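Residues per chain, in single letters:
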Amino acid sequence: MKSCDTLIIGAGITGLNLAQALKHKRKSIIILEKSRGLGGRIATRRIEDLSFNHGLPLWPEGIESDEITKRYGSPESIGLNSLIKKMAEGLEIEKLKRAHKISKRLNQWEVTTDDGDIFYSQELVITAPLPQALELLQQNNFSIPEILSDIKYSKRLLSLMVLKSEFKIPDINFGDHHLRLVGKSGLIFMASEIFSETHFEESDADQLSHLNLLIKNLLGIDLNPVTQEIKKWRYAQAKKFLLEPFIELEPSLFLIGDAFSAPGVQGSLESSNALAQHFA
Ligand SMILES: Cc1cc2nc3c(=O)[nH]c(=O)nc-3n(C[C@H](O)[C@H](O)[C@H](O)COP(=O)(O)OP(=O)(O)OC[C@H]3O[C@@H](n4cnc5c(N)ncnc54)[C@H](O)[C@@H]3O)c2cc1C
């Protein structure tokens, strides 16, 4: 059992940015993260010495990130993986802790994780992709305004490939399919929203064969990778977002993240900054 002033669910860029921005305003902040790794949808997988960014591919152009650059260095030059590591420095993060029970007792939030640990806090902030946040809240009998349930996310299927030899083509967009080089012999293919939606529930083997056929048809050649992995995102990006930077669902229970204020990472940063400013 642990107590803190602010309990944050999720160690993606929203949760990390909020915790860093609140560090001097709150004595104790704990982040609960269900995964082993940090960063959420800013995710890097190493295969044969190559680093594949299989979530957010690159730091988005034109994003307002002066504050991020001042604190951690420019995301374009340090890379997404290092950015997340730097953002997590000095924070109390409980990994492999999935929040699943939420209740309020004697003016305190009580959050129980899958493994039975209990965390108490004055403020509770949920940063999971909005549909996941709502699922968690509904499971715990909170009522959800319809405007929140209207926010849907796109799905994405990706193929991470290492080829036998160098592959000399520039990054290519085929409509909403994107192919990017990773180092000299790595390729990452992100299938379109429609393709990903159509094949999302299939078995790994079926997804693999559909992805390979699609890549072959687009490029006109069989790549025959020596190593190949599939990555799947049920909630890749919000298809629309709310203009509010955050929602206070009940006193001291907040929802923030990339469904608020602006699309993608811009929304994550804007909503977490706005909530940090809102906190006295
Ligand atoms: C393939 C792909 C391409 C993208 N392309 C772009 C792009 O071009 N431009 C752009 O701006 N954005 C893009 N995005 C979206 C961008 O990556 C996200 O908007 C941003 O990373 C969201 O960060 P977040 O912290 O709000 O959410 P997340 O990164 O999803 O973090 C939420 C965290 O909460 C954790 N969590 C969830 N439920 C629980 C629970 N019950 N208990 C404990 N922990 C929990 C999750 O494990 C996760 O780590 C892309 C995303 C993907 C996947």
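Look above for the structure.
Residues numbered from 1 in each chain as written. Predicted model: local features only at pLDDT ≥ 70, side-chain atom pairs only at ≥ 80, totals over all residues.

**Points about the site of the ligand**
Surrounding the ligand, one finds 35 residues, the nearest of these being Gly10, Gly12, Gly40, Ala128 and Gly264. Every element with two or more residues in the shell around the ligand is listed here: helix H1 (13–22), helix H5 (130–139), strand S13 (227–238) and helix H9 (264–278). When grouped by side-chain class, the residues that make up the shell around the ligand number 16 nonpolar, 13 polar and six charged. (Near = placed C-beta within 6 Å. Helix = DSSP H or I, 4+ residues; strand = E, 2+ residues; numbered from the N terminus. Nonpolar A, V, L, I, M, F, W, Y, C, P; charged D, E, K, R; others polar.)

**A word on the packing of H1 against helix H4 (residues 80–88)**
Running from N to C, H1 and H4 cross one another at 40°; their axes reach a closest spacing of 9 Å. Our classification of the angle between H1 and H4 gives oblique. As for how H1 packs across H4, the hand of that crossing is left-handed. On the side of H1, the interface is formed by Leu16, Asn17 and Gln20, while H4 contributes Ile84, Met87 and Ala88. Of the residues contributing to the contact of H1 with H4, the split by class is four nonpolar, two polar and no charged. (Axes fitted to C-alpha atoms, helices over the stretch in contact; angles between N-to-C directions. Parallel < 35°, antiparallel > 145°, perpendicular 65-115°, else oblique. Left-handed = near helix turned anticlockwise from the far one by under 90°. Contact = placed C-beta atoms within 7 Å.)

**A word on the sheet that holds strand S12 (residues 186–190)**
Ordered by their spatial adjacency, five strands build an open sheet running S10-S11-S12-S9-S13, and the pairing between neighbours is antiparallel. Of all the strands in the sheet, just strand S10 (172–174) and S13 have a single pairing partner and so form its edges. For this sheet, the mean angle separating the axes of adjacent strands, direction not counted, is 20°. In this structure, strand S9 (residues 153–162) lies alongside S12, joined through five bridges in antiparallel fashion. The partner of Leu160 across the bridge, within S12, is Ile188. (Pairing = 2+ DSSP bridges.)

**Observations concerning H4**
Here H4 has its buried residues at Leu80, Leu83, Ile84 and Met87. Here the buried residues of H4 occupy an arc of 95° about the axis, which is enough to place them on one side. Here the buried face of H4 lies against H1, strand S3 (44–47), strand S4 (50–53), helix H2 (66–72) and helix H3 (75–78). One or two positions beyond H4, positive phi appears at Gly90, with a value near 80°. (Buried ≥ 20, exposed ≤ 12 C-beta atoms within 10 Å, placed from the backbone. Arc of directions from axis to C-beta.)

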